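Observations on the model geometry
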Number of protein chains: 2
Amino acid sequence: MVIKQKFSIDFQYDVIFTRDLFSPDNDTLIKILTKDENGGPARVVFVLDAGLTQAMSGLISTIGAYLSNHDDIQLLAPPLVVTGGEETKNSTREFIRTLELIDTAKVDRHAYVVAIGGGAVLDMVGFAAAVAHRGIRHIRIPSTTLSQNDSGVGVKNGINYFGKKNFLGTFVPPYAVINDLNLLQTLDIRDWRSGVAEAVKVALIKDKNFFQWIEQHTGKLNERDTDSMEELIIRCAELHASHIRGSDDPFEMGSSRPLDFGHWAAHKLEQLAGFELRHGEAVAIGIALDICYAVEAGYLDDLEADRIVGVLRQLGFDLVHPALFGQDGKEINPALIKGLEEFREHLGGHLTIPMISEIGSKFDVHEMNHLLIEAAARTLLQKQELYAHSPS
Amino acid sequence: MVIKQKFSIDFQYDVIFTRDLFSPDNDTLIKILTKDENGGPARVVFVLDAGLTQAMSGLISTIGAYLSNHDDIQLLAPPLVVTGGEETKNSTREFIRTLELIDTAKVDRHAYVVAIGGGAVLDMVGFAAAVAHRGIRHIRIPSTTLSQNDSGVGVKNGINYFGKKNFLGTFVPPYAVINDLNLLQTLDIRDWRSGVAEAVKVALIKDKNFFQWIEQHTGKLNERDTDSMEELIIRCAELHASHIRGSDDPFEMGSSRPLDFGHWAAHKLEQLAGFELRHGEAVAIGIALDICYAVEAGYLDDLEADRIVGVLRQLGFDLVHPALFGQDGKEINPALIKGLEEFREHLGGHLTIPMISEIGSKFDVHEMNHLLIEAAARTLLQKQELYAHSPS
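These notes cover the structure that comes with them. What you see is a predicted model, and the numbers here were worked out from it, not measured in a lab.

For chain A, the helix and strand inventory stands at 16 helices and 11 strands. Taking 21 Å as the expected radius of gyration for a compact globule of 392 residues, we find that chain A reaches 21 Å, a close match to that expectation. Long-range contacts, defined here as pairs at least 24 residues apart, represent 76% of the contacts in chain A between residues at least 6 apart. For chain A, the accessible surface area stands at approximately 14,400 Å², while carbon and sulfur atoms represent 50% of it. Each charge class in chain A can be summarised by its mean position, and for the 37 positive and 54 negative side chains these summaries are 4 Å apart.

Attention now goes to the interface of chain A and chain B. In many analyses, interface size is given as the accessible surface area lost on bringing the parts together. Taken together, the 66 residues of chain A in the interface contact 66 residues of chain B. On inspection of chain A and its partner chain B, the count reaches four salt bridges. Of the charged contacts, one joins B:Lys4 and A:Asp14 as a salt bridge, the two residues approaching to 3.2 Å between their closest N and O atoms. Across the chain A-chain B interface, the total number found is 29 residue pairs in polar contact (both at pLDDT 80 or more). At the level of elements, strand E1 (2–18), helix H5 (93–104), helix H6 (119–131), strand E8 (164–168), helix H11 (226–246) and helix H15 (334–347) of chain A are the ones that each hand at least two residues to the side of chain A that touches chain B. For the side of chain A that touches chain B, the element with the most residues is E1(A), which contributes 16 residues. Here the side of chain A that touches chain B is composed, by residue class, of 32 nonpolar, 16 polar and 18 charged. In terms of strand pairing, E1(A) meets strand E1 (residues 2–18) of chain B through 15 bridges, oriented antiparallel. If you follow A:Ile9 over to E1(B), its bridge partner there is B:Ile9.

Moving on, we come to the packing of aromatic side chains. For the coordinates displayed, the defined rule picks out 24 aromatic pairs over all chains. Ring centres of A:Phe7 and B:Phe11 lie 5.8 Å apart, and the angle between their planes is 40 degrees; this geometry places the pair in the tilted category. Within this pair, whereas A:Phe7 is found in strand E1, its partner B:Phe11 is found in strand E1, the two belonging to separate chains. Overall, the relative accessible area of 6% leaves A:Phe7 in the buried class. A residue is classified by how much of its surface remains accessible, and B:Phe11, at 10% relative accessible area, is buried. A network of ring pairs unites the aromatic residues A:Phe7, B:Phe11, B:Phe171 and B:Phe251 as a single cluster.

Moving on: the pairing of strand E6 (residues 137–142) of chain B. All names here are of chain B. The element E6 is extensively covered by neighbouring structure, given that six of its six residues are classed as buried. Here E6 shows two buried faces, one formed by Arg-137, Ile-139 and Ile-141 and the other by His-138, Arg-140 and Pro-142. The sheet contact formed by strand E5 (residues 112–117) and E6 spans six bridges and is parallel. Residue pairing for E6: Tyr-112 is matched across the bridge by Arg-137. Handedness of the E5-helix H6 (residues 119–131)-E6 crossover: right-handed. Note: E6 against strand E9 (residues 176–180), two bridges, orientation parallel. If you follow Ile-139 over to E9, its bridge partner there is Ala-176.

Let's shift gears to helix H3 (residues 59–68) of chain A. All names here are of chain A. Among the residues making up H3, those that are buried are Leu-59, Ile-63, Tyr-66 and Leu-67. End-on view of H3: buried residues confined to an arc of 95 degrees, all on one side of the axis. For H3, exposure combined with an orientation more than 90 degrees from the buried face picks out Ser-61 and Ser-68.

Residue and element names in this part refer to chain B. Of note, Thr-88 is situated in helix H4 (residues 87–90). We classify Thr-88 as buried; its relative accessible area is 0%. Polar side-chain contacts of Thr-88 include one of 2.7 Å to the backbone oxygen of Thr-83. Excluding residues within four positions of it along the chain, Thr-88 makes contact with Val-82, Thr-83, Glu-94, Ala-120, Val-121 and Met-124.

Okay, the pattern of salt bridges next. Summed over all chains, the structure comprises 50 salt bridges over all chains. Through salt bridges with shared partners, a single network forms among A:Arg19, A:Asp227 and A:Glu230.

Now for the relation of the copies chain A and chain B. The two copies are related by a screw motion: chain A maps onto chain B through a turn of 180 degrees and a shift of 0.0 Å along the axis, at an RMSD of 0.0 Å. Those values place the two copies in the arrangement expected of a two-fold rotation axis. Proximity to the rotation axis, assessed at the C-alpha, singles out A:Ile9 in chain A; its C-alpha lies 2.7 Å from the axis. A shared binding surface is used by both copies, with 100% of the interface residues of chain A retained as interface residues in chain B.

Once that is clear, we can look at unusual backbone geometry. Residues and elements named next belong to chain A. At Asn-166, a residue that is not glycine, the phi angle is positive and equals roughly 55 degrees. One can find Asn-166 in strand E8. Of note in the backbone geometry, Arg-224 takes a positive phi value of approximately 60 degrees without being a glycine. With respect to the helices and strands, the residue Arg-224 is situated in the loop between helix H10 (218–222) and H11.

Within the fold, A:Asp306 resides in helix H14 (residues 302–314). Once residues within four sequence positions are removed from consideration, A:Asp306 is found in contact with A:Lys383 and A:Tyr387.

Residues and elements named next belong to chain B. Topologically, Val-365 is positioned in strand E11 (residues 361–365). Expressed as a C-alpha distance, the spacing of Val-365 and Met-355, which sit 10 residues apart in the sequence, is 6.8 Å. The contacts of Val-365, once residues within four sequence positions are left out, are Tyr-299, Leu-351, Thr-352, Ile-353 and Met-355.

Next up on the list: the pairing of strand E8 (residues 164–168) of chain B. Residue and element names in this part refer to chain B. Pairing of strand E7 (residues 159–161) with E8, which is carried by two bridges, proceeds in the antiparallel orientation. In the strand pairing of E8, Ile-159 is matched with Leu-168. Here E7 folds back onto E8 in antiparallel fashion, the turn holding two residues, of which Phe-162 has a positive phi close to 50 degrees.

This next bit is on the packing of helix H8 (residues 189–206) of chain B against helix H13 (residues 279–296) of chain B. Residues and elements named next belong to chain B. Orientation of H8 relative to H13, taken along the N-to-C sense of each, is 35 degrees, at an axis distance of 7 Å. Classified by chirality, the crossing of H13 by H8 is left-handed. Along the contact surface, H8 presents Arg-190, Ser-194, Ala-197, Glu-198, Val-200, Lys-201 and Leu-204, while H13 presents His-279, Gly-280, Glu-281, Val-283, Ala-284, Ile-287 and Ile-291. Counted by class, the contact of H8 with H13 contains seven nonpolar, three polar and four charged residues.

What counts as what
Residues numbered from 1 in each chain as written. Chains lettered and ligands numbered in written order. Predicted model: local features only at pLDDT ≥ 70, side-chain atom pairs only at ≥ 80, totals over all residues. Heavy atoms only, no water. Helix = DSSP H or I, 4+ residues; strand = E, 2+ residues; numbered from the N terminus. Rg over C-alpha atoms; globule rule 2.2 N^0.38 Å. Contact = heavy atoms within 4.5 Å. Areas by Shrake-Rupley, 256 points an atom, 1.4 Å probe, with all protein chains shown as cover. Lys, Arg positive; Asp, Glu negative; His and termini not counted. Charge placed at Lys NZ, Arg CZ, Asp CG, Glu CD. Salt bridge = Lys/Arg side-chain N within 4 Å of Asp/Glu carboxyl O. Polar contact = N/O pair within 3.5 Å; in protein donor to acceptor, adjacent residues only side chain to side chain. Nonpolar A, V, L, I, M, F, W, Y, C, P; charged D, E, K, R; others polar. Pairing = 2+ DSSP bridges. Phe/Tyr/Trp six-rings, centres within 6.5 Å; stacked < 30°, edge-to-face > 60°. Buried < 20%, exposed > 50% of the residue type's maximum accessible area, 1.4 Å probe, protein only. Right-handed = clockwise from strand over helix to strand, strands pointing away. Arc of directions from axis to C-beta. Least-squares fit on C-alpha atoms with pLDDT ≥ 70 in both. Axes fitted to C-alpha atoms, helices over the stretch in contact; angles between N-to-C directions. Left-handed = near helix turned anticlockwise from the far one by under 90°.

Purely geometric stuff here, so don't read any function into it on its own.
And the structure:
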């Protein structure tokens, strides 16, 4: 006797682009919060990235002023400020503080947790919102280029545990994502640049024209031109969102992770560098390493590789890091190779690594040769010297 | 500028009924584990309910013998035995031990965590499996009547936190559910009976014929007749599974929880009684209280209520508990009334309580009158006296 259980769940959410979200006449947030309440004000709490509240000292009072002008929103508790950056995910401290806020403010499954911050804070708050009362409504307001064009758009959340990146987490779509371009103005140059690495990544695997666009806009992006960055973020977020929508497997129950180009090394480098590398900086190195690997393995023409390395250098990325190499500074770091196995373990099943055969054309490989990785690292050392990065 | 994100996820799993799952010639488990592996053995770990391993002292060696006969299954670590009953959910201890097992045994998203135990253990292990690596495959083998016909079939998991039932949890379907009727033989009479309360509940709200069947089989069920219990479990599990499948809202994003008839009081009574009540025993009281409320409110005929109370008493349930009343033993316990608000908070949004107008016909109410609850409790006291329970 077998009962065959089978059903589908529909998910939908908007990724909205705006500027000056909390200026008095901006109704983006109001519209989202009040769109399907049946009587009574929308009940909300805010969790804010300490890095952001330091950089924008008026943020909390701006939010307060905005909310006091709107009777249809009820703030259930004062905003909670949490540690920013990867540290927010490295212990359960901020995760538990967020759960405590949800509990004491009586946030229920029809109320909202709004998180404003970088990708790490959004990951942590998103995980708390996903598991409290088996899931409460979560609105993401990413404050970095990286989270606006990449993780903020997606369906994943998590914290690190047992010293392993994203060991705990879920696939749960947000209620909505709001990208406020003005939040990016406070970023230092490293954080501003960091998100561009994910744009290069998604262009390399999906969109040759977008790669060309980036190639033509390295100067503008380095000068922190707002319109160029907005165009880059929208295009990158669209590619990311349509990838999730168009795949058979938005919750990644299979083995393939096509958006993870360059990421097996990036994840491990971040950890080996004690998180002094920004995620985007590690991704730039990871991309460059896999590009060199693709050349060594005969998948990719060397001239294409040079063009890609050139763009990454023009954008100001350092493509070599001491953590790439072992104690002698020459051999590949054995810990990096171990990262390949950890990546397989986290994905589950077979190892699946995206590669490109030309710009915009991705395919998968299921093993990587350790000697070729070593050769790729040496090639990368040489190419890094060939292309001086921009003066910024 | 808005990106509209929208996609569906298909979920499917089998609820399989068998006997003697680990006897050498039973291939139920093998078929599930190996059905979609592409090369290499299926990798598994087991988490076992201590209550069960005590009652069935040979269980671990039986599982060991079974696995050693099957080369296509690889046991990644020795079985983990965890505390059974609600205690397993009341702290994070067993949850973290389960995560440690997943980590150290290198259980990835394509390997399996098999849990064997009562509903509380399945809830706890299911939550660990749902959040480790953002979700690994989880097979549930419920060992009580209650979990075989109710929670084991469903899509919820969780642990208690901040002293609140299921404060942490997710909606994640299992990979498969296997109901082994032989596991029920070791249950004491209270646990054997406990699951029948959920069968009465689902019959009352969905299936008049099933209620009649239960009414006719109270004697057999009290005598622990295996075939009668199997029939009850299959029918109840089918109703439960088809409810999840047929609803627009398997993950309960809306307000209605039609399967929660009698549960607002049951959840609170369990807590007030310090978990010395079985969940099913509390549900029987909760059903009886809401039945009496339905009479007081004019929704239900008193003769129908008598018939229902009579069946619950015939099945051996005590329908009155000291926790129903305050310190004077007469007035309704104010803490119970508070449970109504906690129930609303956990659901989110409006209070929605299922009621019946006759056996098999459910409707929702959105408030409950405290004076009528008090009257219902007094009526219940009288009805309890009228119907002596069975001698078992």
